[in-house]
Each structure stands twice: as C-alpha cells, then as structure tokens.
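# Inside the fold
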Amino acid sequence: MSVNIKITDAVKRYGDNTIIADLSLDIKEGEFFTLLGPSGCGKTTLLRMIAGFNSIEGGDFYFNDKRINDIDPSKRNIGMVFQNYAIFPHLSVKDNVAFGLKNRKAPKDVIDRETDKFMKLMHIDEYAERMPDRLSGGQQQRVALARALVIAPDVLLMDEPLSNLDAKLRVEMRNVIKQIQNSVGITTVYVTHDQEEAMAVSDRIAVMNGGDIQHIGTPKAIYQRPANLFVSTFIGRTNIIDTNMTVEDGKCVLHFPNGYDVEMDNVQDEHKQSQNVKVSIRPEELVINTTSDEGIKVEIDDSIFLGLNTHYFVHTETGAELEIIQESKIDSILPKHSQIALTVKSEKINVFTEDGSKNILLGVENDGEQYKKGNRG
Amino acid sequence: MKKKIDIWILISLGILAAYALFLLFPMFKLLKEAVIVDGKFSMEYFKLFFSQSFYYSSLGNSFKVTICATIITLIIGIPLAYFYNMYDIAGKSVIQIIIILCCMSAPFIGAYSWILLLGRNGLVTNIIKFLTGWQVPSIYGFGGILLVLSLQLFPLVFLYVSGAMKNIDNSLLEASENMGCSGVKRFFKVVVPLCMPTILAATLLVFMRAFADFGTPLLIGEGYITFPVLIYNQYFGEVGTNHNFAAAISIIAILITAVIFLVQKYASDKFAFKMNALHPIERKKAHGIKNILIHFYTYFVVFVAFLPQIYVMYTSFQNTSGKIFVPGYSFNSYKQIKKDLLNSISNTFIIGGAALILVILIAVLIAYLVVRRKNVVNSVIDTISMLPYIIPGSVVGIALIIAFNTKPIVLTGTATIMIIALIIRRLPYTIRSSVATLQQIPMTVEEAAISLGCSKMGAFFKVTVPMMANGILSGAILSWVTIITELSTAIILYNYKTVTLTLSIYTQVSRGSYGKAAALATILNLLTVASLLLFMKVSKSKEITF
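Keep in mind that what you see is a predicted model, and the values were worked out from it rather than measured.

What counts, and where the lines are drawn
- What you see as residue numbers is a count from 1 along each chain, following the sequence as written.
- Chains and ligands are labelled by the order in which they are written, letters from A for the one and numbers from 1 for the other.
- At least 70 in pLDDT is required for a residue's local features to be given in this predicted model, at least 80 for side-chain atom pairs to be given and counted, and no such filter applies to totals for whole chains, interfaces and linings, which use all residues.
- Numbering goes from the N terminus for both helices and strands, where a helix is a DSSP run of H or I of at least four residues and a strand is a run of E of at least two.
- Radius of gyration here uses only the C-alpha atoms, and the compact-globule reference equals 2.2 Å multiplied by the residue count raised to the power 0.38.
- Any residue whose C-beta has 12 or fewer other C-beta atoms within 10 Å is treated as exposed, any with 20 or more as buried, and any in between as partly exposed, C-beta atoms being built from the backbone.
- Think of it this way: build a C-beta for each residue from its backbone, and any pair within 7 Å is a contact.
- All amino acids are sorted into three groups, where Ala, Val, Leu, Ile, Met, Phe, Trp, Tyr, Cys and Pro are nonpolar, Asp, Glu, Lys and Arg are charged, and the leftover types, Gly among them, are polar.
- An automatic or database domain assignment supplies the residue ranges for each domain.
- Paired strands, in this sense, are two strands between which DSSP finds at least two bridges.
- Whenever a helix is involved, its axis is fitted only over the stretch in contact; in every case the axis is a line through C-alpha atoms, and angles between N-to-C directions fall within 0 to 180 degrees.

The next thing to look at is the overall build of chain B. When helices and strands are counted, chain B shows 22 helices and four strands. Computed over the C-alpha atoms, the radius of gyration of chain B is 24 Å, within 12% of the 24 Å expected from 2.2 N^0.38 for a compact globule of 546 residues. If you line up chain B on its principal axes, its C-alpha atoms span 80 × 75 × 50 Å. In chain B, buried positions account for 45% of the 546 residues. When contacts within chain B are restricted to residue pairs at least 6 apart in sequence, those whose partners lie at least 24 apart make up 79%.

Each partner contributes residues to the interface: chain B has 16 residues there, and chain A has 18 residues. For the side of chain B that touches chain A, the secondary-structure elements that each account for two or more residues are α18 (443–451) and α19 (456–484) of chain B. With six residues, the top contributor of residues to the side of chain B that touches chain A is α18(B). Taken together, the residues of the side of chain B that touches chain A sort by class into ten nonpolar, four polar and two charged.

Okay, the environment of A:Pro38 next. Residue and element names in this part refer to chain A. Looking at where proline 38 falls in the secondary structure, it is placed in the loop between β3 (32–36) and α1 (43–51). Separated by 180 residues in sequence, proline 38 and threonine 218 place their C-alpha atoms 19 Å apart. Among residues more than four places away in sequence, those in contact with proline 38 are His193 and Asn209.

Attention shifts here to the domain arrangement of chain A. The parts lose accessible area when they come together, and the size of an interface is often stated as this lost area. Residues and elements named next belong to chain A. Domain parsing of chain A yields domain 1 (5–229) and domain 2 (238–360). Centre-to-centre separation of domain 1 and domain 2, based on C-alpha positions: 39 Å. Contact with domain 1, which involves five residues of that partner, is made by eight residues of domain 2. Looking at the side of domain 1 that touches domain 2, its residues break down into three nonpolar, one polar and one charged.

This part covers the sheet that holds strand β20 (residues 350–353) of chain A. All names here are of chain A. With respect to topology, five strands assemble into an open sheet ordered β13-β12-β11-β14-β20, the strand pairing being antiparallel. If you trace the sheet from one side to the other, it starts and ends with β13 (260–264) and β20, each paired once. The average angle at which neighbouring strand axes cross in this sheet is 40°, direction not considered. Relative to strand β12 (residues 251–256), strand β11 (residues 239–248) runs antiparallel, the two sharing five bridges. Its bridge partner lying in β12, methionine 245 is registered against leucine 254.

Take the sheet that holds strand β15 (residues 286–289) of chain A next. Residue and element names in this part refer to chain A. Ordered by their spatial adjacency, five strands build an open sheet running β15-β19-β16-β17-β18, and the pairing between neighbours is antiparallel. Edge positions in the sheet fall to β15 and β18 (321–327), since each has one partner strand and no second. Each strand of the sheet is rotated relative to its neighbour by a mean of 50°, with strand direction disregarded. As judged from the four bridges shared by strand β16 (residues 296–305) and strand β19 (residues 339–344), these two strands associate in the antiparallel manner. Its bridge partner being in β19, glutamate 299 is matched across the sheet by glutamine 339.

Printed below as a string of structure tokens:
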C-alpha cells in the first residue's frame, strides 16, 4: 500500500547549527519525488528525518494521516536504499533479500515466494546463493533494491543510490529504478546531486539549497521556467547576462549589447516596469546569425565537436563569456577568432529580477510557492 | 513516548560500576597502602626505593633488558615479516603456525628450556665443550633474559607488521620502483615508513610485555633482579616481605609504564594515516643467492625460536630419576602428573573459558558504546578500560589482593578473583581490536537492518555482531592463548584449588621437577595447537590478525 507524505514546518538542528529552518512538502501517492541540490543543502538530512535516523527538532511528518515523528524507524515500514548499498556482507544474496521478511516473522512459504519474486524482478535470482563480496557494484545495487522492496514498504527512500557506480552503469540502473518504481507503484523519495539523473527518473523534483526548497515541479517545468536564478544555474547549463528591461506602451523590451533588443510578450503584469534584470539563456537558446549582423557581437575563443552537437565558447565586447550549443553542420566548424552575431530564442529564455530571487515571466509552475510564508491561508 | 530508558544507557552504567569496583577501587587501595604507613601519610617507601642501589638498580635492570629486547625483536621481526610477505618461501603456512606457537607459550617455559639447553649442565653447553673445549658463557642473568624475551616476543612484531604489509597496495611499491627506488632502499624509504604506525604499536606491546614479564627473570635472572621480581619478592618473598613497600614499588611501575605509553601515543599520532590495499602485494619468487639467504634467515630464526619447545617436548619423554634426567624413554613423567593433571586442566578450562566469554562480551559492548554512542560516560569507560594496559600483571594481582582480602567483599583464593584479573588484563586488547573492527562497518548497514524492521538490539546482534565476528574471533584466539598461558597475575592470586596448567608447570619448574614440568608443558602446547587449529577451521581463514 502506498501513501502520501506530508511534511509541515520541519526543523533540523545540530546543536546551534540549523540545517533546515522551516520546510514543508507534499509528496503524492505513488509519485517518484526527487530531492535535488548541491552537497550540504540538507537533502540527505531531510530523507533521514523521513526514515527516522535523524531526530526531528520541529514540525510534523505524516504518512497519510499517521504522524510518524515518534514512530521507531523499524516500525515505519520504509524501504531504504543507501549510498553504499549497506548490503549485509555476512549473508548471501537470498538472505539479504529475505532479511526484512524474517524480521516480520512472515511464514516461510511467503518469505520464499516473495524473495524469489523480487530477485527475479531485479534479475539477481541466478546469484541467490552468492555472497555479496562476489557481486559487482550494479548487482549489489539490485540486491539493495530488492531487499528494500520485498517488505512491501509504504515508502521507498533512496539516498544517492547511483553515485558509486560508473557512468554507463549509472544510466542503466536509473532506467531499472524508474521501471521498477513504475511497475510497483510505490511512493518514492530519491536524493541526488546529479540533475540529469533527477530529470531522468522523477515525476517531480524539489530543488533545494541552504536547507530551503527553491522550486518544486516536473523536470520540464523546472528546466524551462526555473523559479529563480539558483534553479536556472543548477539545472542544466546556462549563460547569465546582466541587462535592463524597459516598458514602453505596455511592451517589455530587453536591451542587449550592440543595440540588440528583444521584445518579451510573456512578462508577468506585476513586473512590467523598467528595471535591471538578469537574463538566463541556455547554450541551445543562442542562435548564430548567418544572414545579417544583427545580434550580440562576439568573438569565438574555442569550439568542441561532440558529434550530435558542436559547442562554441565565445566572449562579448564587454568581456562576458558565453557558451553556445549548435547542432553540428555538415560544413566546416567556425574558426577561432571569427566575429559572429548571436540572437536569442526569446520564447525560451528566462528573465529574473536583479537579485535573482524571482522569475518574472509567465508560465512558472512552482508547487513550492504555496508553502511560502504569507501565501498560506 | 520517545524517552524510553535506552538499554544501552543501563549497559554503560553497569560496565562503569564494574570497573569502579574491580579496577578503580583496588588501585585506590594500592595507592593507600603505598602512602599510608601505620595510619599516617608517608612517602618513606618511595624514598627507600631511591636511596638503596639494590632497589633502584632493579629499575635500571628492567629498562636495560626491556629496551634491548624491544630493539632486537624489531631487528628480527620486521625483516622476517618483509621476506614472508614479499617472497615465496617454501612451507610458509607451517612457518606461520610455528611463529604463532612461539609467542603463545608462556615465556618462562622458554626460559627453563634454554636453561636445559644452554645452562651450566645444558645439552648444547656440554656438546660444545666436548667438541671444542670452549665453555659457553653463562646464560644466567642479563644475556639469558634478553635471549628468551627476544625469541618470545619477535613473533608479535612479525604478526603486527605482516598485518600492516597486507594493507600496502602493490601500486605503491611499483610506483616507488618506477621512480628508481627499489630493493633495500625501498624497504627503508617506503615499506618501513608505511608500516610505521603498526611498528610503533608493536614496539609498545613488546615493551610492555617485556617490562612486566616476571617468570623469565625469576627463573633465568638469578642475581639480575628486575622490577616485577622485586615487587613479587617484597609481597611474597621468603624473607623480609613488606606490603607497603611492594605497593610503593607498584605505583612507581605504573607511573613509568604510563609515561612510556604517553610517549608512544605522541609518536604514533605523528604517524597516523590509513591504508587500504586494493591490490595487495603478491609474493614473488626470489632467485639465486638472494633466495638462499632469505630462506636461510627465515628458517634459522624460526628454528631457534622453536627449539626450546621441541626440546621440552623431547625431555617430557625422557626417563627421570628423582629430579634428573636419566637415559631411556618412557611415559613415566606423564604418569606422575596424572593425579594433578585433571584438576589443573579443568581449572584452566573453567577459569580461562569463563574469562574469555566475558572478555568478548564486555569488549564488544564497550566497543559499540565507544564507537556508536559517543557521550561522556562512554569516553570515561573508554579511558578506564585502557588503564590495565599500562599496569603490569603482578601489580594487578597485588591490587586485587589488597582490595578483596578483607570484608565486605572477600574474594582471595577463589576462581572468581582469577577470572576478574584475567578479564581486566585482557580487555584493553580485545576492546581495541573490536573498536577497530566496528569502525570499519558503516553505520548505514545497521540502519538498513532497522529500516527492515529490526529493533536496535536486534540489529546489533543480527547484523553488527556477525559482521564483527571474524575480527572478534581472531582476537578471541589470541585472548584464549594469552589467558591459558598467563602467569604473572595468576601466581599472585592462586591457591591450591585454583591451580591452572601454567601454574602447575611453574610450580614443577621451581621445584626442579623438570620431567613433570616438561610433560605438563607439552600438554599445554598441544592445547594451544588444538585451539589454533580449531580457530582456523571455524574462521575458514589462514590468517590470524591482532
């Protein structure tokens, strides 16, 4: 049985050091929810509070209507996958998987049936009698996942489960995790610092920084309309340009260097005023203008050919460095020191207030907004 | 609600109370005995010690013999470990077992065997004299003690350093060779520094053992009085015993070992680093003269170290007439000891077994408290538990007698007090090895068990303890052998009802009944070998770690 998780006003302190000041969150039933952020942002701390391994200094944690703050970790019915897998080295694969059911004193035939089922599901049934030290990293990860799922937990918690694997295996295992989660349909909370991994597996992502949630949304929403400057720089690559926006006759215009102006028709009404702004333009949102010299004038410093795409590293007349990604062309790569002009895909770029705290465009979907102080009823 | 009384807090307090009663209280009584004379505070016995050369020279003697023995064990043991781990040596598993056996017999058995071999009427002495007419210099005194202690203790250095060398990654050696540093140069510039933390630990262990050893100088020292012998004589000697004086000397001994301990700790902090070999060193085959020399060195050292034990076994089958060996072979010595044997063997197993089980249990609990539940009480326990490390065995014995020979708690003469003494003395080692094992186990494994429905205690016993098992087991075998060969505390605490095998050997040796002593010693050796073999079977490992 899956549950929804509700966290209100969570507080975590170590001594005088506050890690999480005041955090609220709703995770839907059956959802694959990812906590994403740089190291030290409090994502693992929050996960361990849900698991019960970290004390909770304030706030309430609910699974459905059941408050779990004071429930012993062993009674929360949680499946957990650890960064180092935490496979019991003294038990065989089968005994590792069966461990949780044995603790629950399940009948022997149930233990055998369920253990077999999940070992098959994770494709580790052929190693059932092996000891863990004779398994590869990927296989250990599968054991850890089977062991966590076999107890039919209400919630599956995963703490950077792929960070010890090599790049290729990481991609393979994240697909496995996603598939298994879909087929079991269990509410899953996943912690990672790898934004690509987060986007690959998640239904929704909470981007965290400094113990606060910056943005909650689908991978698409977060990538395309990040709630603030931090989110836009943390998710994917981007170029930030400081510039100003003027409003004339209700039309908002961004002024880039060299007299290149871009009209924006999707600015939120409350922000329609002349102001300094920060513009976030992802590398693929910059277009090399081959027909005219309209646009930001830049000089090419270097280029990397990566097959599908070609990256250009350029600098503007003011010295700002930008990165461009272009689909590779059949003709030759632009040489170093060439002068080119860049235009932007105005429907894709994002515009933030000067302090970077807010995206001023329409279409930002941030489920975290509702928890902000003052927005609550 | 959440603040249920944690079972671990009760365990903490229980252990603390036990230490207060069985260690702190006796040490306090010992201190009192040393400075309160006739009801008044007095430092007169400390003054006495430093005013007469007979007394303070024992201190010099102890230092001289201990420092020399420590240096020699390092000189023998480190190269041996290096050869053993770097090169293919024929019969290496046999060699390892023999080396372990050498350090596991009671030191005084070595002493008495060397007397039989090199003493005034010794076998080797007589052969050499017959062949060359040369009189071998006397083994009694400094030289003999040094010989016995060095041969007895170098295996510890060997085993420690071998353990460290297993953690050296082969790529480190390859890298150094790559940069033009190989052979002897690499041994001194790379291998020895990499093993330094372990070498320092082994040095301290050897030093403490040699300093506190009591049986060897008593048997072979003759006029060469060392510190532990002085303490024993002052407490139990046949003439002129003085309990206050014995206590005062004990206090001085503790202060000295404490200083040594702190110096070592300071030195080893400077060399603290961690190693973990991804690719352990693979043994290579040496060629030509190098191969011959390596084999010669290894076999020679092992042979000389093992010689006394072989000889003891041999003499156990010799006929005796009264106290002297006469030609011919029989089981007479074994028949003569039959009467005492049953009693001493069962004592050995009861006292040793009880001590071993309690040592392991308490050590694992303390290790868990120290590693996983850091708080003030537990760090106090950690510190107290290490105290016996620096207290010589005979001092532990005397302190326990002073504390428990009067009401309210009278324990002298019981098996209980012997068990307590063994536990106190053995715990520091077992705790250290358990702590080291536990620190290797990530906390998340225990958390995984808890999240799979285990209680905290359940997770500890189902997951943590089994994962520690190998470490505990290899520590346990060492503890067991140390316990059954222990002499310096037991000799102070025993009475006729609690005679163990080791004690009866000692009694027979001191009575001069070498035949009976040899028979008993052979049986003790067999027990040791059997324990080792059993251990290797159970643990499925050929390596014993310390």
